[in-house]
Amino acid sequence: ALALAPRARAQAIAPDTLVQNVSNEVITLIKGDKLIQQGDARRISEVIESKIVPHFDFVRMTALALGPSWRRATPEQQRALAEQFKTLLVRTYSTGLASYRDQKIDFKPLRAKPEDTEVIVRSEVKRSGGEPVSIDYSMEKAGDTWKVYDVAIGGVSLVTTYRDSFREEVRANGIDGLIKSLTEKNQQLARR
């Protein structure tokens, strides 16, 4: 068994294969789960937490969205910010998942070298009667696995989208003000 361990690590799953596998698994779950089809928020959250969240680096996403203010935050503030941002993104993703209706995802060939530690996995969601929407996953190799640290939908980066609002909130109310604002927004979303 020990002789096989290095070989298993050397054959870490490729980032595009990881995104495809997770996407296909989630789509299969959506299609076969009556609770998800009925919009059950708790079940949708369970699927996101178990199938999607493990493949995201929310600390890096939060640090990128916060910009230079991240370095000024205490470790406790950084943990709180990452947790609240994760909660916000999961709730946002839940809304998208609840509205899924047989769209087709077309994955583009990965353009990367074997030694690359950062890549972009490109995909396109094809909707019947509508224009396709690009979804690109910026990923970083973390040990033997790949983690998503940004998602661009229709060319608009999730991290960049939040950067301006985070900067304004920190400028007006400090880092604790941003934590409070995110917490309140998450509570409002939970009540819906």
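Our subject is the structure listed above.
A. Representation of the overall build of the protein. Looking only at helices and strands, one finds eight helices and five strands in the protein. Each helix and strand of the protein, placed in order from N terminus to C terminus, yields the pattern α-α-α-α-α-α-α-β-β-β-β-β-α. A globule of 192 residues ought to have a C-alpha radius of gyration of about 16 Å, and the protein, at 18 Å, matches this closely. Seen along its three principal axes, the alpha-carbon backbone of the protein occupies a region of about 50 × 45 × 35 Å. The buried share among the 192 residues of the protein stands at 35%. For the protein, the share of sequence-separated contacts (at least 6 apart) that also reach a separation of at least 24 residues comes to 51%. Just so you have it, the protein exposes about 11600 Å², and 51% of that area is on carbon and sulfur atoms.

B. Just the pattern of salt bridges, in detail. On inspection of all chains with the given rule, the structure shows 14 salt bridges. Its salt-bridge partner being R60, residue E118 comes within 3.2 Å of it at the nearest N-O pair. Placement of E118 in strand 2 (residues 118–126) and of R60 in helix 5 (residues 58–66) is noted, with a sequence separation of 58 residues between them. With a shortest N-O distance of 3.6 Å, D164 and R167 are connected by a salt bridge. Here D164 and its partner R167 are both found in helix 8 (residues 158–191), three residues apart, which amounts to about one turn of the helix. Residue D164 is classed as partly exposed on the basis of its relative accessible area, which comes to 46%. What makes R167 partly exposed here is its relative accessible area of 39%. In this structure, a network of salt bridges that share partners links the residues D106, K108, E124 and K126.

C. Spatial organisation of helix 4 (residues 41–52). The terminal C-alpha atoms of helix 4 lie 15 Å apart, and with 12 residues this matches the ideal 16 Å at 1.5 Å per residue to within 8%. Every buried residue of helix 4 is listed here: I44, V47, I48 and I52. The buried residues of helix 4 all sit within an arc of 100° when viewed along its axis, so they share a single face. Regarding helix 4, its N-cap is D40, as a side-chain oxygen of that residue lies 3.0 Å from the backbone nitrogen of R42 further along.

D. Just the packing of helix 5 against helix 8, in detail. Running from amino to carboxyl end, helix 5 crosses helix 8 at an angle of 75°, the nearest separation of the two axes being 7 Å. Taken together, the axes of helix 5 and helix 8 lie roughly perpendicular to each other. Here M61, L64, A65 and L66 of helix 5 lie close against helix 8, whose contacting residues are L158, V159, Y162, R163, F166, V170 and L178.

E. Molecular detail of the packing of aromatic side chains. Summed over the entire model, instances satisfying the criterion amount to four aromatic pairs. Taking 5.1 Å as the distance between ring centres and 80° as the angle between the ring planes, the aromatic pair formed by F85 and Y162 counts as edge-to-face. Highlighted residues: F85 in helix 7 (residues 75–98) and Y162 in helix 8, separated in sequence by 77 residues. Judged by relative accessible area, F85 falls into the buried class, the value being 0%.

F. Expanded view of the nonpolar core. Formed by 43 residues in total, the largest nonpolar core has its most connected members in L81, F85, Y137, M139 and F166. Every element with two or more residues in this core is listed here: helix 2 (15–32), helix 4, helix 5, helix 7, strand 2, strand 3 (133–142), strand 4 (145–153) and helix 8. For this core, the element with the most residues is helix 8, which contributes eight residues. Once residues lying within four places of it in the same chain are set aside, the contact partners of L81 are T62, L66, W70, I175, L178, I179 and L182.

About the thresholds
Residues numbered from 1 in each chain as written. Predicted model: local features only at pLDDT ≥ 70, side-chain atom pairs only at ≥ 80, totals over all residues. Heavy atoms only, no water. Helix = DSSP H or I, 4+ residues; strand = E, 2+ residues; numbered from the N terminus. Rg over C-alpha atoms; globule rule 2.2 N^0.38 Å. Buried < 20%, exposed > 50% of the residue type's maximum accessible area, 1.4 Å probe, protein only. Contact = heavy atoms within 4.5 Å. Areas by Shrake-Rupley, 256 points an atom, 1.4 Å probe, with all protein chains shown as cover. Salt bridge = Lys/Arg side-chain N within 4 Å of Asp/Glu carboxyl O. Expected span 1.5 Å × (residues − 1). Arc of directions from axis to C-beta. Polar contact = N/O pair within 3.5 Å; in protein donor to acceptor, adjacent residues only side chain to side chain. Axes fitted to C-alpha atoms, helices over the stretch in contact; angles between N-to-C directions. Parallel < 35°, antiparallel > 145°, perpendicular 65-115°, else oblique. Phe/Tyr/Trp six-rings, centres within 6.5 Å; stacked < 30°, edge-to-face > 60°. Core = buried A, V, L, I, M, F, W, Y, C linked by side-chain atoms within 4.5 Å.

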